[in-house]
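# A closer look at the structure
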Amino acid sequence: AHGFHLRSWTGKTIDYQLAYYGQMITHLRSIVPEATILLKLHPSDSPSFYRQFESLGVAVYGDEAQTDELICLSDLVVSGIWTTANYMVTASGRPAIFENFTPWPKRNIPMMRHYHIKQVVTDWPTFDKLLAQWQGGTMPDQYDKHLVRRNAIDGVVRLIGKSADR
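Residues numbered from 1 in each chain as written. Predicted model: local features only at pLDDT ≥ 70, side-chain atom pairs only at ≥ 80, totals over all residues. Heavy atoms only, no water.

## Some points on a nonpolar patch on the surface
On the surface, I153, V156, V157 and I160 cluster together into a nonpolar patch covering about 380 Å² of accessible area. By secondary structure assignment, the location of V157 is in helix α6 (residues 152-165). (Patch = residues over 30% accessible without salt bridge, like charges linked within 9 Å, V, L, I, M, F, W, Y side chains within 5 Å. Areas by Shrake-Rupley, 256 points an atom, 1.4 Å probe, with all protein chains shown as cover. Salt bridge = Lys/Arg side-chain N within 4 Å of Asp/Glu carboxyl O. Helix = DSSP H or I, 4+ residues; strand = E, 2+ residues; numbered from the N terminus.)

Encoded structure:
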């Protein structure tokens, strides 16, 4: 979850924040009712605000959970376009849907380029369609996996090996 209500420039309140994620949970539940939904909060946000989602079967995680671990445990990651956690999402190889339902779409293009994202969902019908495709095993990759450099450690090991041979 991105803390829109914590940024003065947004003019948004916690009510906006809760409605935003509440609507997302409603859509997730309507398409994939059996899903276990994990909501990882921004480190600067308070888990107490989100406890109301627990009655909807949502597990709310604050600083006690590691973002990378939750990503790797997930069958599908739904991530806002804003977060640097998208480095971990694309590096993980996990299926993902990237969303921006805010009134600030100008952020989409630079973030798409930066994280190699192919599509940012900005409307609920598209979100529902992608969820249904994911559930049916037909959702296309939402980021360019070929541009994400994996196994960087192998290159470092080769470089060290070449240095040792000299």
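## Observations concerning the pairing of strand β2 (residues 58-61)
Of the two faces of β2, only one is covered, namely that formed by V58 and V60; the face formed by A59 and Y61 stays uncovered. Of the strand pairs in this sheet, strand β1 (residues 37-40) and β2 are connected by four bridges, and their pairing is parallel. The partner of L38 across the bridge, within β2, is A59. (Buried < 20%, exposed > 50% of the residue type's maximum accessible area, 1.4 Å probe, protein only. Pairing = 2+ DSSP bridges.)

## Description of α6
Spanning 14 residues, α6 covers 20 Å between terminal C-alpha atoms, matching the ideal 20 Å at 1.5 Å per step. Within α6, only zero of the 14 residues are buried, leaving the element largely exposed. (Expected span 1.5 Å × (residues − 1).)

## Let's talk about the packing of aromatic side chains
Applying the stated criterion across every chain, the model contains 16 aromatic pairs. Here Y20 and Y21 contribute two aromatic rings whose centre-to-centre distance is 4.9 Å and whose plane-to-plane angle is 65°, an arrangement assigned as edge-to-face. Take Y20: its relative accessible area is 6%, and that puts it in the buried class. Measuring from centroid to centroid gives 5.0 Å for Y87 and Y115, while their planes differ by 75°, and the two rings are edge-to-face. Taken together, the residues span a long stretch of sequence, with Y87 in helix α3 (residues 86-92) and Y115 in helix α4 (residues 108-115) at a distance of 28 residues. Its relative accessible area of 45% is what places Y87 among the partly exposed residues. In textbook terms, an aromatic cluster arises when at least three aromatic residues are bridged by ring pairs, as seen for F4, W9, Y16, Y20, Y21, W82, F101, W104, W124 and F127. (Phe/Tyr/Trp six-rings, centres within 6.5 Å; stacked < 30°, edge-to-face > 60°.)

## Regarding the nonpolar core
One recurring pattern in soluble globular proteins: nonpolar side chains tend to sit buried together. Within the largest apolar cluster, 37 residues are counted, with the highest numbers of intra-cluster contacts made by M24, F53, I97, I117 and F127. Of all the secondary-structure elements, those providing two or more residues to this core are α1 (14-31), β1, β2, β4 (96-99), α4 and α5 (124-135). Here this core takes six residues from α1, the largest share from any one element. Among residues more than four places away in sequence, those in contact with M24 are V78, E99, F101, W124 and F127. (Core = buried A, V, L, I, M, F, W, Y, C linked by side-chain atoms within 4.5 Å. Contact = heavy atoms within 4.5 Å.)

## So, the layout of surface pockets
By volume, the largest pocket is sized at about 1000 Å³. If you trace the largest pocket, you find 41 residues lining it, with L38, L39, K40, V77 and V78 closest to the centre. Per-element tally for the lining of the largest pocket: the top contributor is α1, with five residues. Class assignment for the residues of the lining of the largest pocket results in 27 nonpolar, ten polar and four charged. (1 Å grid on protein atoms, 1.4 Å probe; cavity = no way out; pocket = protein on both sides within 12 Å on 5 of 7 lines; lining within 4 Å. Points joined across faces, edges and corners; volume = space filled by probe spheres on them. Nonpolar A, V, L, I, M, F, W, Y, C, P; charged D, E, K, R; others polar.)

## Examining the pairing of strand β3 (residues 77-80)
The pairing of β3 with β4 spans four bridges and is parallel. Across the sheet, residue S79 finds its bridge partner in β4, namely F98.

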